[in-house]
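# Architecture at a glance
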Amino acid sequence: MEAPAKKIIIMSLFSELRRRNVLKIALLYALASLLIFWIVGGSLIWLGAPDWAGEFVLLVLAIGYPVALIFAWTYEITPQGLKKSLDVDQTQSIVYKTGQKLNAAVAVLAVLGALALVGERLMPTFEFPKVIEPILLAPNYEAPEKDGVPQEIRAVTLDNGLRIIVWPDHDIPNVVMYNFVRAGGRNEYPGITGLSHFFEHMMFNGTSRRAQGEFDKTMEAAGGANNAYTSKDLTVYQDWFPRSALETIFDLESDRLQNLAIDPAVVESERDVVSSERRLRYDNDNFGRLFLEMNATAFIAHPYQFPVIGWSSDIENWTYQDLESYFRTYYAPNNLTMVFTGDVTAEEIFVLAEKYFGPLPAQEAPPAIRTTEPEQLGERRLLVEVDAPTPLLHMTFHAGSAVDPATLPLSILLNILVGGDSSRLHQQFVEQEQIALAVGGFQMEGIDPGLVYLYLTLPPGADTAAVEARLLTELSRVVRDGVTEAELQKARNIMIADYWRSLATIDGKAAAIGHAEVFRGDYQLAFALPDDLAAVTAAEIQQVAASVFHRNRMTVGVLRSPADNEQ
């Protein structure tokens, strides 16, 4: 008998709920909540509201809906509620009257929320404690974990592998976007050298949706500007624009990633453009010419030996199959890292990214670079004789990659040796002994081990062998005596000042965290430099100098006029 009785009770309760409109009210509030959340959520993204605004709306609805059901149950079903209903005007239900009060309360909360949005611009920035903050974030938004990292930065990886990092900065209503494509000279081989740089050109030359030149016109009309560059490791695309153009930029960038037009006429035109650029920067420029020859000599196996702009014969003979295959492989979303900094919120960027970049299909990962450069066991030398009013002397030594522990001490040493007019070598060679007109250098901090590169411009008729000997003497002095504490502190001061100066702009912010993510595997490492610099000792620098400045690891190049040889 118990089962039929329970069934009768349940049916009676259902009938009573339906008669008293409780079910209608529940359905009405559910539909209204979804509608409100959809409309308000879209409006907040359009207005550029902060992350907490959407959470506030969700919180109000999450409280309001259960409270409305509780009121409906209490005043329409329970004996106490039924008794109270006898004491009120029966033309309106208690639920209706209570709902009016609830709606008024929700309206008050909504007004307070709107005032908070306006007031946020006038109030100091508040950051949630680390223990509380993750609870308030969407679970797939990665928050910083390391100390010293700005807590407003967020990162996410879309399902197709596209990595996106957002660093909000609301000082000015502008935005910067960097798109790091892991395609550079190291990803090429004989026959297709220069393709990475070639696509840097092609990406601005039309899609199936937009004619050639329309990309730039649309961006400029929205108040934006752009640029790009290619290195031995990467091709990087940069956009600078007002936040009002945010969705326009997403549309432009997704269009050229998905619909790039590899038009035969455009390809042939750009071949000529790239060939002309090569002649200007390398074939007809003495520094560029020697630089290409030095890389081709210092590396005998690794693809760092290839010029980023490509060998002339390869530029002339790329096939359309080469172009299509390269673009499909290296411009896939799983091979890209995008960084946004400026007047944006992480939530709006991730929503737009899912809308515009989410449909891009992932591709099979690009082939790994398996070739490693064998140890150099002796000096390598090259001589280039061309018309040269001033001789050039270049010298390289093999060194580590961006993640090598010796890379930072070596960067400090290079700052001491060639970092500006007060550096050791400039003072000695240019100011005092006057055996050089200019001296400089840099370290290749790439994905794979690279080079320390020193270069000198000499006076007309200079004795290049004597200057080379003098340079080696100074490098040997560093190995023997090290650097002074004063030199070390000066280099630290210069590097830390440059570091903070770069982070003062949204462009510098994007570059810093993007390079840390791509080269070191974690954008948070961009904020470790102050502590890392302070930890480097003079003894460590001397030890690194001894391991790098070894003549068996050295390549020397001289460029001079044939007339100098006759003398």
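Sequence positions are assigned chain by chain, starting from 1 and proceeding in written order. Local features in this predicted model are restricted to residues whose pLDDT is 70 or higher, and side-chain atom pairs enter the listing and the counts only when it is 80 or higher, whereas totals over whole chains, interfaces and linings include all residues. Values reported for side chains reflect all heavy atoms of the structure, with hydrogen atoms and water molecules removed beforehand.

## Details of the overall build of the chain
Keep this limit in mind: Helix and strand labels come from DSSP, where a helix needs a run of H or I of at least four residues and a strand needs a run of E of at least two; each type is numbered from the N terminus. Remark: exposure states derive from per-residue accessible area (1.4 Å probe, protein chains only) relative to the maximum for the residue type, with buried under 20%, exposed over 50%, and partly exposed in between. The contact rule is simple, with two residues in contact once any of their heavy atoms fall within 4.5 Å. Accessible surface is estimated by sampling points in the Shrake-Rupley manner with a 1.4 Å probe; for residues, cover comes only from the protein chains shown.
Each helix and strand in the chain was counted, giving 22 helices and 11 strands. Taken across its 567 residues, the chain has 47% of its residues classed as buried. Pairs at least 24 apart in sequence give 78% of the contacts found in the chain among residues at least 6 apart. For the chain, the accessible surface area stands at approximately 28,000 Å², while carbon and sulfur atoms represent 59% of it.

## Let's talk about unusual backbone geometry
One non-glycine residue, glutamine 434, adopts positive backbone phi at about 55 degrees. On the secondary structure map, glutamine 434 appears in the loop between helix H16 (424-432) and strand E9 (438-443).

## Considerations on the packing of H16 against helix H17 (residues 464-481)
Geometrically, a packed helix pair is captured by the angle between its two axes and the distance between the axes. Short version of the rule: Helix axes are fitted only over the stretch in contact, all axes being lines through C-alpha atoms; the angle between N-to-C directions runs from 0 to 180 degrees. For this classification, under 35 degrees means roughly parallel, over 145 means roughly antiparallel, 65 to 115 means roughly perpendicular, and everything else is oblique. By convention the crossing between two helices is left-handed if the near helix lies anticlockwise of the far one by an angle smaller than a right angle, and right-handed if it lies clockwise.
The interhelical angle for the contact between H16 and H17, taken along N-to-C directions, is 150 degrees, at an axis separation of 12 Å. On the basis of the axis angle, H16 is roughly antiparallel to H17. In the packing of H16 onto H17, the handedness of the crossing is right-handed. On the side of H16, the interface is formed by Arg424, Leu425, Gln428 and Phe429, while H17 contributes Arg470, Leu471, Glu474, Arg477 and Val478.

## Let's talk about the nonpolar core
For clarity, the cut-off: In this text, buried Ala, Val, Leu, Ile, Met, Phe, Trp, Tyr and Cys residues form a nonpolar core when linked through side-chain atoms within 4.5 Å.
Among the nonpolar cores identified, the biggest contains 54 residues, and Ile164, Phe250, Tyr331, Ile349 and Phe357 are the most heavily contacted of them. It is helix H14 (residues 346-356) that contributes the most residues to this core, 6 residues altogether. Ignoring any residue separated from it by four or fewer positions in sequence, one finds tyrosine 331 in contact with Val181, Phe199, Glu200, Met203, Thr235, Tyr237, Leu257, Tyr326 and Leu336. Judged by nonpolar contacts, the second largest core, of 40 residues, contains Met395, Ala436, Leu454 and Val556.

## Section: the sheet that holds strand E8 (residues 392-398)
What counts here: Paired strands, as defined in this entry, are two strands with at least two bridges between them according to DSSP.
With respect to topology, 5 strands assemble into an open sheet ordered E7-E11-E8-E10-E9, the strand pairing being mixed. The sheet is open, and its two edges are formed by strand E7 (380-385) and E9, each paired on a single side. Going from strand to strand, the sheet's axes swing by 10 degrees on average, the running direction of each strand aside. Where E7 lies against strand E11 (residues 554-560), 6 bridges are found, and the strand directions are parallel.

## Thoughts on the packing of aromatic side chains
For the record, the criterion: Note on ring pairs: Phe, Tyr and Trp rings are taken, using the six-membered ring of Trp, and paired if centres are within 6.5 Å. Classes follow the plane angle, with under 30 degrees stacked, over 60 edge-to-face and the rest tilted. Our definition puts a charge over a ring when NZ of Lys or CZ of Arg is within 6 Å of the ring centre and also within 35 degrees of the ring normal.
Inspection of the entire model under this criterion finds 24 aromatic pairs. Plain terms: the ring middles of tryptophan 167 and phenylalanine 527 are 5.3 Å apart, the flat faces sit at 70 degrees to each other, and that makes the pair edge-to-face. Taken as a pair, tryptophan 167 in strand E2 (residues 163-168) and phenylalanine 527 in the loop between helix H19 (506-520) and helix H20 (529-535) lie far apart in primary sequence, 360 residues in all. The class for tryptophan 167 is buried, based on a relative accessible area of 5%. Relative to tyrosine 237, the ring of phenylalanine 204 lies with its centre 6.2 Å away and its plane at 45 degrees, an arrangement referred to as tilted. Residue phenylalanine 204 is located in the loop between helix H7 (195-202) and helix H8 (214-221), and its partner tyrosine 237 is located in strand E5 (residues 235-242); the two are separated by 33 residues in the primary sequence. Each residue in the set Phe198, Phe199, Phe204, Phe215, Tyr237, Trp318, Tyr326, Phe327, Tyr330 and Tyr331 is aromatic and connected to the rest through ring pairs, giving one cluster. If you follow arginine 256 out to its NZ or CZ, it ends over the ring of phenylalanine 204, 4.8 Å from the centre. For lysine 509, the ring lying beneath its charged end belongs to tryptophan 167, and the centroid distance is 5.2 Å.

## What about the sheet that holds strand E6 (residues 336-342)?
Sheet strands pair via backbone hydrogen bonds, and the direction of the pair is either parallel or antiparallel. In spatial order, the strands read E1-E2-E6-E3-E5-E4; together these 6 strands make up an open sheet with mixed pairing. Strands at the two margins of the open sheet, each flanked by one partner only, are strand E1 (154-157) and strand E4 (225-230). When the angles between neighbouring strand axes are averaged without regard to direction, this sheet yields 15 degrees. Here E1 runs beside E2; their pairing, made up of 4 bridges, is antiparallel. Note on E2: the bridge partner recorded for threonine 157 is arginine 163.

## Side note on the pairing of E2
Among the 6 residues that make up E2, 6 are buried, leaving the element largely enclosed by the rest of the structure. Of the two faces of E2, the one carrying Arg163, Ile165 and Trp167 and the one carrying Ile164, Val166 and Pro168 are both buried. Where E1 hands over to E2, the hairpin turn is made up of 5 residues, of which glycine 161 adopts a positive phi near 95 degrees. Pairing geometry for E2 and E6, over 6 bridges, is parallel. Bridge pairing in E6 links isoleucine 164 to methionine 338.

## Focus: the side chain of aspartate 448
Using the following cut-off: Contacts described as polar in this section are N or O atom pairs within 3.5 Å, which, within protein, must combine one atom able to donate a hydrogen with one able to accept it, while residues neighboring in sequence count only if both atoms come from side chains.
One can find aspartate 448 in the loop between E9 and strand E10 (451-457). With relative accessibility at 13%, the residue aspartate 448 sits in the buried group. Engagement of the side chain of aspartate 448 in a polar contact is seen with the side chain of arginine 186, the distance being 2.9 Å. Here histidine 302 takes part through its side chain, which lies 2.8 Å from a polar atom of the side chain of aspartate 448.

## Some remarks on the pattern of salt bridges
Note the threshold: The salt bridge criterion pairs a side-chain nitrogen of Lys or Arg with a carboxyl oxygen of Asp or Glu, the two atoms within 4 Å.
A complete count under the given rule lists 26 salt bridges for this structure. The closest approach of N and O atoms between glutamate 474 and arginine 477, which form a salt bridge, is 3.0 Å. With glutamate 474 and arginine 477 both in helix H17 and 3 residues apart, this pair spans about one turn of that helix.

Shape descriptors only; they carry no functional weight alone.
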